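Single-letter residue listing:
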Amino acid sequence: MQKVLISYFVIFFLSFQIINAQQPQKPTSVEIYNQIQKLNFLGSVLYIAAHPDDENTRLISYLSNETKARTGYLSLTRGDGGQNLIGSQLRELLGVIRTQELIEARKIDGGEQFFTRANDFGFSKNPDETLEIWDKNKVLSDIVWTIRKFQPDVIINRFDHRTGGNTHGHHSASAILSVESFDMANNPAIFPEQLKLVKPWQPKRQFFNTSWWFYGSQEKFDAANKSKLVSIQTGVYYPAIGKSNQEIAALSRSRHQSQGFGSTGARGEDTEYLEQIKGVVLKDKTSIFEGIDTSWNRVKGGKPIGELMTKIASEFDFKNPSASIPNLVKAYSMMQFLDENHWKAIKSEEIQKTISACAGLFLEAVAQNQEATPNSLLKLKLEAINRSTIAMRLVSVTTLPESKNTPQNLVLNNNITQNSTLDLQLPSTVEYTQPYWLKEKASEGMYTVLDQKNIGIPDIIREVKVVFNIEINGVEIPFERTVVYKYNDDVKGEMYSYLDIVPEITTSILDKVSLFKDNKKKYIAVKIKAGKDAVKGDLQLELPENWRVFPKSIPFNFDKKGVEQTIYFEVTPPNSPEETVAKSVAIIDGKRFDKEQIIIDLNHITKQQVLKPSEAKFMRMDLKTKGEKIAYIMGAGDEVPSTLTQMGYKVTLLNPEEISPEKLANFDVVMTGVRAYNTVQALANKQKILFDFVKGGKTMLVQYNNPNDLVTENIAPFPLKISRDRVTEENAEVRFLAPNHPVLNSPNTISAKDFEGWKQEQGLYYPNEFDKAFTPILSSNDKGETPKNGALLIAPYGKGYYIYTGLSFFRELPEGVSGAYKLLANMISLKRPMAMPATNVKP
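About the criteria used
Residues numbered from 1 in each chain as written. Predicted model: local features only at pLDDT ≥ 70, side-chain atom pairs only at ≥ 80, totals over all residues. Heavy atoms only, no water. Helix = DSSP H or I, 4+ residues; strand = E, 2+ residues; numbered from the N terminus. Rg over C-alpha atoms; globule rule 2.2 N^0.38 Å. Buried < 20%, exposed > 50% of the residue type's maximum accessible area, 1.4 Å probe, protein only. Lys, Arg positive; Asp, Glu negative; His and termini not counted. Charge placed at Lys NZ, Arg CZ, Asp CG, Glu CD. Pairing = 2+ DSSP bridges. Axes fitted to C-alpha atoms, helices over the stretch in contact; angles between N-to-C directions. Contact = heavy atoms within 4.5 Å. Salt bridge = Lys/Arg side-chain N within 4 Å of Asp/Glu carboxyl O. Core = buried A, V, L, I, M, F, W, Y, C linked by side-chain atoms within 4.5 Å. Parallel < 35°, antiparallel > 145°, perpendicular 65-115°, else oblique. Left-handed = near helix turned anticlockwise from the far one by under 90°. Nonpolar A, V, L, I, M, F, W, Y, C, P; charged D, E, K, R; others polar. Expected span 1.5 Å × (residues − 1). pLDDT = per-residue confidence, 0-100. Phe/Tyr/Trp six-rings, centres within 6.5 Å; stacked < 30°, edge-to-face > 60°. Polar contact = N/O pair within 3.5 Å; in protein donor to acceptor, adjacent residues only side chain to side chain.

**Focus: the overall build of the chain**
In terms of helices and strands, the chain carries 19 helices and 43 strands. For 843 residues, the compact-globule formula gives about 28 Å, and the C-alpha radius of gyration of the chain, at 30 Å, lands near that figure. Its C-alpha atoms put the chain at 115 × 75 × 55 Å along the principal axes. Looking at the chain as a whole, 57% of its 843 residues qualify as buried. Positive and negative side-chain charges of the chain, numbering 101 and 98 respectively, have mean locations separated by a distance of 1 Å.

**Observations concerning the sheet that holds strand E17 (residues 475-482)**
Strand order in the open sheet formed by four strands is E14-E13-E16-E17, with antiparallel pairing between adjacent strands. Pairing within the sheet leaves two strands with one partner each, and these edge strands are strand E14 (404-411) and E17. For this sheet, the mean inter-axis angle between neighbouring strands, taken without regard to orientation, is 20°. Strands strand E13 (392-400), strand E16 (465-472) and E17 of the sheet are contacted by helix H12 (residues 325-336), whose axis makes an angle of about 90° with E17.

**With respect to the pattern of salt bridges**
Where charged atoms from two side chains of opposite charge approach closely, those side chains can pair. Counting across every chain of the model gives 43 salt bridges. Note that glutamate 471 and arginine 393 form a salt bridge whose closest N and O atoms lie 3.1 Å from each other. In this pair, glutamate 471 sits in strand E16 while arginine 393 sits in strand E13, placing the two residues 78 residues apart along the sequence. Residue aspartate 500 pairs with arginine 462 through a salt bridge whose shortest N-O separation is 3.1 Å. Of this pair, aspartate 500 sits in strand E20 (residues 500-501) while arginine 462 sits in the loop between strand E15 (418-425) and E16, and the two are 38 residues apart along the sequence. In terms of burial, aspartate 500 and arginine 462 fall into one category: buried.

**Some details on the nonpolar core**
Ranked by size, the top nonpolar core spans 78 residues in total, and within it Leu644 and Leu823 carry the most contacts. The element contributing the most residues to this core is helix H19 (residues 818-829), with seven residues. Non-local contacts of leucine 644, meaning those with residues more than four positions away in its chain, are made with Ile630, Tyr632, Tyr649, Val651, Met671, Leu824 and Ile828. In terms of nonpolar packing, the next biggest core, distinct from the first, is built from 57 residues, Leu308, Leu338, Trp343 and Ala384 among them.

**A few points about the sheet that holds strand E42 (residues 792-797)**
Sheet architecture is open: seven strands sit in the order E34-E33-E35-E36-E43-E42-E40, paired in mixed fashion. This sheet does not close on itself; its edge strands, each paired only once, are strand E34 (650-653) and strand E40 (775-776). Here E40 pairs with E42 via two bridges, running antiparallel. Looking at the pairing, proline 776 lines up with leucine 793 of E42. The strands that H19 touches are strand E33 (629-633), strand E35 (669-672), strand E36 (699-702), E42 and strand E43 (800-805); relative to E36, the one it contacts most, it runs at about 140°.

**Considerations on the packing of helix H7 (residues 136-150) against helix H8 (residues 169-184)**
Viewed as axis vectors pointing N to C, H7 and H8 meet at an angle of 55°, and their least axial separation amounts to 9 Å. As far as their axial angle goes, H8 and H7 are oblique. When you trace H7 past H8, the crossing you get is right-handed. From H7, Lys136, Val139, Leu140, Ile143, Val144, Ile147 and Arg148 reach across to H8, where they touch Leu177, Ser178, Glu180, Ser181 and Met184. Among the residues making up the contact of H7 with H8, the classes are represented as seven nonpolar, two polar and three charged.

**Thoughts on the packing of helix H4 (residues 57-65) against helix H10 (residues 245-253)**
The N-to-C vectors of H4 and H10 enclose an angle of 120°; their axes lie 8 Å apart at closest approach. Taken together, the axis directions place H4 and H10 in an arrangement best described as oblique. Here H4 runs over H10; the crossing is right-handed. Taking contact as the criterion, the partners of Thr57, Arg58, Ser61 and Tyr62 in H4 are, on H10, Asn245, Gln246, Ile248, Ala249, Ser252 and Arg253. Tallied by class, residues from the contact of H4 with H10 come to three nonpolar, five polar and two charged.

**Considerations on helix H5 (residues 91-109)**
Structurally, the α-helix is built with 3.6 residues per turn, so residues lying three or four positions apart point the same way. The end-to-end C-alpha separation of H5 is 27 Å, in line with the 27 Å expected for 19 residues at 1.5 Å each. In terms of burial, H5 is largely enclosed, as 16 of its 19 residues are buried. One or two residues past the end of H5 sits glycine 110, with phi positive at roughly 90°.

**Considerations on the confidence of the model for the chain**
Averaged over every residue, the pLDDT of the chain is 93; the share at 70 or more is 96%. Across residues 1-19, confidence stays below pLDDT 50; counting only partners more than four residues off in sequence or on other chains, it has 61 contacts. Long-range and interchain partners of residues 835-843, a stretch whose pLDDT sits below 50, account for zero contacts in this model, where long-range means more than four residues apart.

**Digging into the packing of aromatic side chains**
All told, the structure shown has 28 aromatic pairs when counted by the stated rule. Measuring from ring centre to ring centre gives 6.3 Å for phenylalanine 691 and tyrosine 802, while their planes differ by 80°; the resulting arrangement is edge-to-face. Taken together, the residues phenylalanine 691 in helix H17 (residues 687-695) and tyrosine 802 in strand E43 connect sequence positions 111 residues apart. For phenylalanine 691, a relative accessible area of 10% gives the class buried. Here phenylalanine 774 and tyrosine 802 contribute two aromatic rings whose centre-to-centre distance is 6.1 Å and whose plane-to-plane angle is 70°, an arrangement assigned as edge-to-face. Separated by 28 residues along the polypeptide, phenylalanine 774 in the loop between strand E39 (763-770) and E40 and tyrosine 802 in strand E43 bring together distant segments of the chain. Relative accessible area serves as the criterion here: at 3%, phenylalanine 774 is assigned to the buried category.

**Quick look at the pairing of strand E32 (residues 615-620)**
As paired strands, strand E22 (residues 513-516) and E32 are joined by four bridges and run parallel to one another. Along E32, the bridge assignment pairs phenylalanine 516 with arginine 620.

**Focus: the environment of alanine 250**
Tracing the sequence through the fold places alanine 250 in helix H10. Its relative accessible area of 4% is what places alanine 250 among the buried residues. Residues alanine 250 and isoleucine 108 lie 142 residues apart in sequence; the distance between their C-alpha atoms is 9.7 Å.

**Notes on the side chain of glutamate 129**
Counting through the fold element by element, glutamate 129 comes out in helix H6 (residues 127-133). Among buried Asp, Glu, Lys and Arg side chains, glutamate 129 stands out as unpaired, with lysine 783 the closest opposite charge at 7.7 Å. Excluding residues within four positions of it along the chain, glutamate 129 makes contact with Phe121, Phe123, Ser124, Thr728 and Glu729.

**Re the side chain of threonine 712**
Counting through the fold element by element, threonine 712 comes out in the loop between E36 and strand E37 (720-727). A polar contact is formed between the side chain of threonine 712 and the backbone nitrogen of asparagine 714, at a distance of 3.1 Å. For threonine 712, the contacting residues outside a window of four places in its chain are Tyr677, Ala684 and Gln687.

**Let's talk about H7**
The first and last C-alpha atoms of H7 sit 21 Å apart over 15 residues, in line with the 21 Å expected at 1.5 Å per residue. With 11 of 15 residues buried, H7 lies mostly within the body of the structure. Among the residues trailing H7, glutamine 151 stands out with phi positive, at a value near 55°.

Right under this line is the structure:
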């Protein structure tokens, strides 16, 4: 009975017993026992949806930890088009963050993660639009590829393929494509080029994971006839670790920090419902694996392995896991004699990890520096220690990607550390460390991945590794470790990062948009960073000939890697308005280096290096501003303040706690950042001060907020209700409702042309109910929809103006959309006309 209770497992301890994501896992006896149990279950489930955070973590956790199934989540996109509550990163950089959040979530709930090449281009109102912007055939190919590679027995869709238009278009599209792929994956005539690497595969059945959300309310769902649905009781409790399945799922979901999806765990009974939509029909609806052999019997010659794994599990000693090693090594050896098949590779890798865990086998390869360049020599420190009484010998180590084998012949005695050093020569062809899906130029709807084998891989592909070849009971087993860098932090202790391969030199134009309001020269700052010692060359800023750059080239010479320097070029724009792209390029021995290094270092995910072309947008435009002083209250995070500075305003980031009449007296305009009224609790008690600021003759400009979880309902001095209205078609016609209003005429004249070239969307979360004191300025709508008039609302209040806008300035300004600059300048410049004093006129 004790073993039955303790068999329950949650992988989340592996994540929460460490500080950062790169540290090695050190499983407990309970976790090891779960690994052994999973070694004896040969069934798999693939969950399919559209975005990070769409997945049902309760069901994934249950299937992985209670059922012991290999459980994968295929997110068609990486969430690039979403919003960001924890920083200013948007688009592909947000996609990198959300990718890592999914990877961390899977570490907690026990699932595996996959993606397609689909690009999250932003909110879509129907699947037809989604599939028009995505390359439907390529996304379908990627789903079929994942099915053939993962070989799921069961597929579960998060969304309903029959209800297009009732939810996000990406959601419906994910279900539509999943249903289409169910039979296609087994047809060798479909995407035959894949069959060089995988085989056709037919899943047994497919389900739709329905819930109250699809019925409109919990009450309607409770009243619905569920006789045709499969019910799964997921509210299990794991006594060995004191957590319910729902609590594990909540911890997993809470990894989606950029989306504000922190979740509180629940306890008690919980039911998930599945509607079968394809495949062999279930008879008694008690198991989604009905009729599927999930034992080793499904593998030719696998029955003895299954019997041995059953014996290992029944005899497992929680006080001495190493007692299982002899039989685990025997099982590993038996697997190697099987014919090549899907499960052989999967279970061989799993059992290697289990053997390592049972032995307390700690293997590590540490680089002296966190960064290295191609064709350089790495100095590695190796550590190997066997913390068990089982005899082991380190036969050799193999370094990758050079595939060089170095004999070691070291006996690994119990609890005796073997330290050594090793040189690893990096080839000149080693790839830079970066998200592989960002290496090639993407389209609006698709990322470009040229190597079929890489499609679907969730993470950065790291080539630099060391394989420790260890002999145990006469069997040589390879244990692969990725090369890391580590150091000791006085506060946090041991800190890990992966080794990054970097260019010899990287450059960065510091202002991603440079605004020239006249033809006067500006000094453009370019930061340059050495990726290796003793690097010298010339830095150039490339622009069209009618943009004059001085000097043409600036030499640099760095003695040490990691050294940074900011260099300035003098740029004179043309006389007439023009937009162009500037590129910074370093030339070393005739070779061009044109990459910018971006580091994303957040506490909840693995540190990420992104390499993008070092570019910036330069705009020569006749923008009129009046030099107002702006107090900016940051919300969820955006880059608007730096843009305002470029426009010529004096901008101060104001701490919300410090808002007072005295503090505001020095400013002309108060501007709140995106979702400030969702994220800044202090604003709830500052509204009267802010409204009095407006009443006294100043301007308050509030950017968009989500209607849910507002810190106060009184975000405006007059009644205003935020809705979920939005205009997702960035090129939708914009109509002027108040063409004579100053905001459209002074100091810049606004025309329909100023709404051309907007990115991803026009705006979101427009108010749909507002007081008659507000003047709606703009009207627009997506195709087939009613006009949305809440994009820009302006109300006089006292002697000043209160402005609410759902327009996506936070996206448009960093992209250098000139019309957004002009309109924002007019909003900031609004002033109430002064009343003329009465005069005495003689008759």
